[in-house]
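Letter by letter, the chains look like this.
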Amino acid sequence: MTTLNLGNLATFRLVIQRGSFSAAADVLGISQPAVSLQVRQLEQFLQARLIERTGRGTKATAAGMALLLHGERIEQAVNDAVQSVDACRESVSGSVSLGTGATACIHLLPPLLQRLRERHPLLAVGVTTGNTPEIARAIEENRLDLGLVTLPVSGRNLEVMPVQREEFVLVIAEQHKSQVMQATPTELEALPLVAFEQGSGTRDLIDSWFQQAGFQARPVMQLGSIEAIKRMVGARLGYSIIPRMAVETPRDSEGLYVCSLTPPLYRQLALVMRKDRALSKGIAEIVRLLQEAQ
């Protein structure tokens with residue numbers, strides 16, 4: 001035995017309190033030899049004699065008395081620890097690290113995280129931005145707990161939970177909305193496109209939308225920030241195709257004309273985590289809120 005056995009300690013205290021091994025055995029519902037064995041194991045661990053027999057029963061030795069004083073504090077510490085664990089079971093606390101794209105970070109997460117903070121003030125959520133492959137890799141390497149990414153995502157150890165199907169829309173300066181009637185690839189092909197930079201999943205999706213109609217997207221600008229794209233469009237330098245969440249509020253769409261594409265274009269957002277990751281209450285609550293936001 002290399003650590004103090006709390007069960008043996010409790011048995012020793014009970015023997016002293018009851019005055020005999022047999023009385024302690026009756027309380028515990030075990031045999032007297034079993035009680036004697038537990039006390040003997042405790043003495044072997046501490047390398048000290050703890051109990052001596054007298055004509056009137058048993059009493060603690062000097063070492064045993066010293067242990068009894070500590071035993072009360074140990075019992076209290078154990079009770080406090082159990083209560084702390086019980087409190088964690090009842091409340092949502094701890095920390096969760098979440099990775100997502102910049103657009104979702106700016107336009108989707110703030111109200112959700114605010115609601116989460118109001119409901120569960122003890123839960124800390126850290127957010128990191130990146131593209132889908134970066135986030136998937138960080139999750140597989142246990143650098144992130146959870147990711148909100150755009151499908152498809154690859155990874156043999158990943159569990160994928162679809163949460164939202166999001167529409168892409170056309171945005172163009174309000175003054176130029178007469179240039180667009182139906183927002184089809186044919187209609188847009190001749191207009192200047194302000195696009196996401198190449199290599200992103202979003203750009204691949206938009207390129208595919210044009211290619212399916214037999215056209216090749218030829219942007220006049222390629223930017224990595226959706227807010228920069230909106231500024232360029234608002235300055236009447238071209239149109240863009242962006243997620244609807246980025247222009248959902250009047251503030252976000254100020255100066256812009258927004259309309260659906262023909263044919264419509266969507267992307268699927270999903271939560272990803274390692275298959276062997278324990279689903280903590282914090283992670284479960286984030287999943288629930290994102291599913292509610294659909």
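Since the structure is predicted, the reported quantities are computational estimates derived from the model, not experimental observations. (Residues numbered from 1 in each chain as written. Predicted model: local features only at pLDDT ≥ 70, side-chain atom pairs only at ≥ 80, totals over all residues. Heavy atoms only, no water.)

Trainee: Explain the sheet that holds strand S4 (residues 123–129) to me, please; I cannot follow it from the model alone.
Mentor: Sheets are built from strands paired through backbone hydrogen bonds, the pairs being either parallel or antiparallel. With respect to topology, six strands assemble into an open sheet ordered S4-S3-S5-S10-S6-S9, the strand pairing being mixed. Two strands lie at the open edges of the sheet, namely S4 and strand S9 (240–243), each paired on one side alone. Taking each pair of neighbouring strands and ignoring which way they run, the sheet shows an average axis angle of 25°. Pairing of strand S6 (residues 158–173) with strand S10 (residues 256–274) involves 15 bridges; the strand directions are antiparallel. Note that in S10 the partner of Pro-162 across the bridge is Ala-270. (Pairing = 2+ DSSP bridges. Helix = DSSP H or I, 4+ residues; strand = E, 2+ residues; numbered from the N terminus. Axes fitted to C-alpha atoms, helices over the stretch in contact; angles between N-to-C directions.)

Trainee: In this structure, what is going on with the packing of aromatic side chains? I would like to understand it.
Mentor: Remark: the centre distance and the inter-plane angle together describe each pair of aromatic rings, the angle taken between the planes. Inspection of every chain in the model, using the stated rule, returns one aromatic pair. With centroids separated by 5.1 Å and ring planes inclined at 80°, the aromatic side chains of Trp-209 and Phe-210 adopt a geometry described as edge-to-face. Just as Trp-209 is buried, Phe-210 falls in that class too. Positioned above the aromatic ring of Tyr-266 is the side chain of Arg-165, whose terminal nitrogen or guanidinium carbon lies 3.8 Å from the ring centre. (Phe/Tyr/Trp six-rings, centres within 6.5 Å; stacked < 30°, edge-to-face > 60°. Buried < 20%, exposed > 50% of the residue type's maximum accessible area, 1.4 Å probe, protein only. Lys NZ or Arg CZ within 6 Å of the ring centre and 35° of its normal.)

Trainee: When you look at the domain arrangement of the protein chain in this model, what are you seeing that I'm missing?
Mentor: One widely used convention gives an interface's size as the accessible area the parts lose upon coming together. Entries for the protein chain in the domain assignment read domain 1 (6–87), domain 2 (94–164 + 270–293) and domain 3 (165–267). Using C-alpha coordinates to define each centre, domain 1 is positioned 75 Å away from domain 3. (Domains from an automatic or database assignment.)

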